[in-house]
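Here is how the chains run, residue by residue.
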Amino acid sequence: MLSIKNLHASIEDKEILRGLNLQINPGEVHAIMGPNGSGKSTLASVLAGKEDYEVTEGEVTLDGNDLLELEPDERAGEGLFLAFQYPVEIPGVSMTNFLRTSVNSVREYRGEEALSAGAFLKLMKEKQQIVELDTTLTKRSVNEGFSGGEKKRNEIFQMAMLEPKLAILDETDSGLDIDALRIVSAAVNKLRSPERSFLVITHYQRLLDYIVPDFVHVLYKGRIVKSGGKELALELEEKGYDWIKEEVVA
Amino acid sequence: MSQTTTHQSKEAFLAPFQKHLNGKAIVPHIRTAAQEALAGLEFPTKRTEDWKYTNLKTLQQKSFKQASEGNISDVQPWLIPGLEADLIVFVNGQYQESLSSITYNQGIVRIVPFHQLEAADMPVFEQHFGQIVDGEKDIFSALNTAFADQGVMIHIGKGNIAPKPVMLLHINQGEGHTVGLQHRNLFVAEASSQVKIVEAFFSTGEGDSLRNNLTEISVAENANLEYIKLQLESETASQIDTTEVHQGRDSKASVFTITLSGDLIRNNLIFKLNDENTESHLMGTYLLSGRQHVDNFTQVHHKMPNCYSNELYKGILDEKSSAAFTGRINVYEDAQKTNAYQSNRNIILSETANIYTKPQLEIYADDVKCSHGATTGRIDEDAMFYLRARGINETEAKKLMIQAFTLEVTENISIEAVSEYVEGLVANRY
């Protein structure tokens, strides 16, 4: 599904990703861990198409389509979803208007008919329940005045609305208390399917107790330096990253 | 030498605006005084403090003609969908009785074009006409006071609530030449009355135009008036507007100035809070492109205690457009417990647009709350990326952001059909 080959990306002439390779197949859940500054969030931003980053080398395809050639909105249309580490507050844009525009834009991209107002509201109600999101939140402006936990749940809610092929969760767990973490994880698990893949970026092993990955990768200095099963996460939790850094140097 | 040139060009400039009266003047003494004042008044230049950011030279060089009679037979294209209002139509500056529909022009709510004023209207008219705006202090007010023959008086009697909003619709049908137009309004809301007024300016066809408009508004004790001005003319239409509001005790007045197109526009808006416990809202939004220039020059005079004023202007500037905002707040010595808020926020979409923003607070009372703020920035890139990452294309995302930015102004328009209409225009502006 997602294939990343020798990806190099920089910001303001500083190279952050230095030859990253990753293959994700349908239905798989991959976790990417790594110390601060290893390039985890850069990877998420580059995949979603943030302009600040320049891809200098390599290729990324989603189901064979060259992702790097596409605008951010086209990538969403192709089925890529990024749950933001820091969801943006947009005063004046109501959640409902935002979601309707979003869902119908993606539907249009996929050649589907726009949802009627009734069908949209029904869908919204149904998906809201998955993340136990307070219904009053959808009456407010996008993320405005939401608590940290509400913002993260709102990201997963949007994911549920857009039904992506590949969802990237960028440190969705950071700043969440255990109850919110349980709700978010349960929602993600509900959305797991043989066709849908996940790339879970996290700093902490804790999340992976709830969202159990098929593969764990360690990102260090812009490259994946170690890959393994879910037990690798436990090992990292126990031993920290230093042994990996030493392995790389050696 | 330069004086002679200026003088001559002033005469030539003013001539086409002066032909309307033909001796039909009501309140002739006010008209005559304004004419006399006009002779001694000059055009403001860039050196005139209050006109620092607006250059009238290009306008002054144009030779205006009087507009010919228009021939519009259906105003449907210019109506606001869903707005049920009493309608007064002016085409090329002239009142169009056949296109207007005034349903409650009886008894105590009077909506009446100046030339249809009756003897019974005269006491109210004479009491206010030329008494709110000083028609002798600047060239444009004097010109209008001396020579504007077309206008509307809206008079809401004591304790009355206008059952529908009143819509003043102006259409300028361009015929390729440069036309000068004048219009004058007098809105009088007597004690405990209520009225909402929408005034919209449109143009069709080709040709430059200049409107010199003046609106006097009296909001008496405990009355409530809302006035929404929609400047929607073509890119060759200029406008100098002077609006002054005088408020009595416990009254509330809101003026919205919405500018979505036009060439050079200057809006003078003055509020005088003449008694205690008043509430005033000065709200505006301007969305510019090309070489448009809009100058909102506002003044709020807090003369008495316990008054509240809230001013919010939000602008978006693209291409080579420019805008100026002056917000002058005067808190007089007696005006203790004044609450005065002011904010001017701008988004610049291009490298070549300019905004000049100037808050001016003069405070002579010691127990007051005043705040002002001005910001100029770009569309929030992080928000744009967030929207686009959700599948919304750049054009749509920009629309959402622009609509969201101006919403703080437009959502305060209390007539839903009008706020929706304006929000729609805003969304599709760029």
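Residues numbered from 1 in each chain as written. Chains lettered and ligands numbered in written order. Predicted model: local features only at pLDDT ≥ 70, side-chain atom pairs only at ≥ 80, totals over all residues.

Chemist: Looking at this model, I keep getting lost on the overall build of chain B. Mind explaining?
Modeler: Counting its secondary structure elements, chain B contains 8 helices and 20 strands. For chain B, the C-alpha atoms occupy an extent of roughly 65 × 50 × 50 Å along the three principal directions. Counting the 430 residues in chain B, one finds 50% classified as buried. Contacts in chain B between residues at least 24 apart in sequence constitute 84% of all its contacts with a sequence separation of at least 6. (Helix = DSSP H or I, 4+ residues; strand = E, 2+ residues; numbered from the N terminus. Buried ≥ 20, exposed ≤ 12 C-beta atoms within 10 Å, placed from the backbone. Contact = placed C-beta atoms within 7 Å.)

Chemist: Mind showing me how you'd approach the overall build of chain A here?
Modeler: Secondary structure assignment for chain A yields 9 helices and 12 strands. Against the 2.2 N^0.38 benchmark of 18 Å for 250 residues, chain A shows a C-alpha radius of gyration of 18 Å, consistent with a compact globule. With respect to the principal axes defined by its C-alpha atoms, chain A has extents near 60 × 40 × 35 Å. (Rg over C-alpha atoms; globule rule 2.2 N^0.38 Å.)

Chemist: What is the right way to look at the sheet that holds strand β18 (residues 339-348) of chain B in this model?
Modeler: All names here are of chain B. The mixed open sheet is built from 10 strands, whose spatial order is β3-β2-β6-β8-β10-β12-β14-β16-β18-β20. Edge positions in the sheet fall to β3 (94-95) and β20 (369-377), since each has one partner strand and no second. Bridge analysis of strand β12 (residues 252-259) against strand β14 (residues 279-288) gives 8 bridges, and the strand direction is parallel. Of the residues in β14, the one forming a bridge with Thr 257 is Gly 284. Across the sheet, helix α7 (residues 394-410) lies against β14, β16 (308-317) and β18, angled at about 155° from β16, the strand it touches most. (Pairing = 2+ DSSP bridges. Axes fitted to C-alpha atoms, helices over the stretch in contact; angles between N-to-C directions.)

Chemist: It is not clear to me how the pairing of strand β11 (residues 237-247) of chain B should be interpreted in this structure. Could you clarify?
Modeler: Consecutive residues of a regular strand have side chains that alternate between opposite faces of the sheet. All names here are of chain B. Within β11, 10 of the 11 residues are buried, which leaves it mostly tucked inside the rest of the structure. Pairing of strand β9 (residues 209-219) with β11, which is carried by 11 bridges, proceeds in the parallel orientation. By the bridge assignment for β11, Val 219 is matched with Gln 247. The pairing of β11 with strand β13 (residues 264-273) spans 9 bridges and is classified as parallel. Counterpart to Gln 239 in the pairing with β13 is Ile 265.

Chemist: Honestly, the interface of chain B and chain A in this entry has me stumped. Any pointers?
Modeler: Interface size is commonly expressed as the accessible area that is lost once the parts come together. Listed as interface residues are 16 residues of chain B and, on the opposing side, 21 residues of chain A. Of all the elements in the fold, those that place two or more residues in the side of chain B that touches chain A are α6 (381-389) and α7 of chain B. The residue makeup of the side of chain B that touches chain A, split by class, is 9 nonpolar, 2 polar and 5 charged. (Nonpolar A, V, L, I, M, F, W, Y, C, P; charged D, E, K, R; others polar.)

Chemist: Please clarify how helix α3 (residues 95-109) of chain A should be interpreted in this entry.
Modeler: Each turn of an α-helix holds 3.6 residues, which means side chains three or four residues apart point in the same direction. Counted at 1.5 Å a residue, the expected span for α3(A) with its 15 residues is 21 Å, and the 21 Å between its end C-alpha atoms agrees. Of the surrounding secondary structure, the elements contacted by the buried residues of α3(A) are α2 (72-77), β7 (90-94), α4 (117-130), β8 (141-142) and α5 (148-162) of chain A together with α7 of chain B. Trailing α3(A) by a residue or two, Gly111(A) shows a phi angle of about 75°, which is positive. (Expected span 1.5 Å × (residues − 1).)

Chemist: Looking at this model, I keep getting lost on the sheet that holds strand β12 (residues 223-228) of chain A. Mind explaining?
Modeler: The strands that make up a sheet pair up through hydrogen bonds in the backbone, lying either parallel or antiparallel. Residues and elements named next belong to chain A. On the basis of which strands lie adjacent, the open sheet formed by 6 strands has the order β6-β9-β10-β3-β11-β12 and mixed pairing. Whereas interior strands pair on both sides, the edge strands pair on one side only; in this sheet they are β6 (80-83) and β12. On average, each strand axis in the sheet is tilted by 20° relative to the strand beside it, whichever way the strands run. Here 4 bridges tie β6 to strand β9 (residues 166-170), and the two strands are oriented parallel to one another. Paired with Leu 82 across the strands is Ile 168, a residue of β9. Sheet strands touched by helix α9 (residues 242-249): β11 (215-220) and β12. Its angle to β11, the strand with the most contacts, is close to 65°.

Chemist: Looking at this model, I keep getting lost on the pairing of β16(B). Mind explaining?
Modeler: Residue and element names in this part refer to chain B. Burial within β16 is extensive, with 7 of its 10 residues counted as buried. Sheet topology places β14 next to β16; 10 bridges connect them, and they run parallel. For Leu 287, the partnering residue across the bridge sits in β16 and is Ile 316. Bridge count between β16 and β18: 10 bridges; the pairing is parallel.

Chemist: Any chance you could explain unusual backbone geometry here in plain terms?
Modeler: A positive phi is found at Glu163(A), a non-glycine position, where the angle reads about 45°. If you trace the backbone, Glu163(A) turns up in the loop between α5 and β9. Of note, the phi angle at Asn277(B) is positive, near 60°, even though the residue is not glycine. Assignment of secondary structure puts Asn277(B) in the loop between β13 and β14.

Chemist: Sorry if this is basic, but what is going on with α6(B) here?
Modeler: Here α6(B) lies mainly inside the structure; 7 of its 9 residues are buried. Of all the positions in α6(B), only Ala383(B), Met384(B), Phe385(B), Tyr386(B), Leu387(B), Arg388(B) and Ala389(B) are classed as buried. Close packing links the buried residues of α6(B) with α1 (40-48), α2, β6 and β7 of chain A together with α7 of chain B. Phi turns positive, to about 90°, at Gly391(B), one or two residues after α6(B).

Chemist: Mind showing me how you'd approach the environment of Gly248(B) here?
Modeler: Residue and element names in this part refer to chain B. Mapped onto the fold, Gly 248 is located in the loop between β11 and β12. Gly 248 sits 26 residues away from Asn 222 along the chain, and the two C-alpha atoms are 7.3 Å apart. Contact partners of Gly 248, with chain neighbours within four places excluded, come to Val 219, Ala 220, Glu 221, Asn 274 and Asp 275.

Chemist: I would appreciate a short explanation of the packing of α6(B) against α7(B) in the present structure.
Modeler: Residues and elements named next belong to chain B. Two elements in contact, α6 and α7, have axes whose closest approach is 9 Å; the angle formed by their N-to-C orientations is 130°. Taken as axis vectors, α6 and α7 run oblique relative to one another. When you trace α6 past α7, the crossing you get is right-handed. Seen from α6, the contacting residues are Ala 383, Met 384, Leu 387 and Arg 388; seen from α7, they are Glu 394, Ala 397, Leu 400 and Met 401. For the contact of α6 with α7, the class distribution of residues is 6 nonpolar, no polar and 2 charged. (Parallel < 35°, antiparallel > 145°, perpendicular 65-115°, else oblique. Left-handed = near helix turned anticlockwise from the far one by under 90°.)

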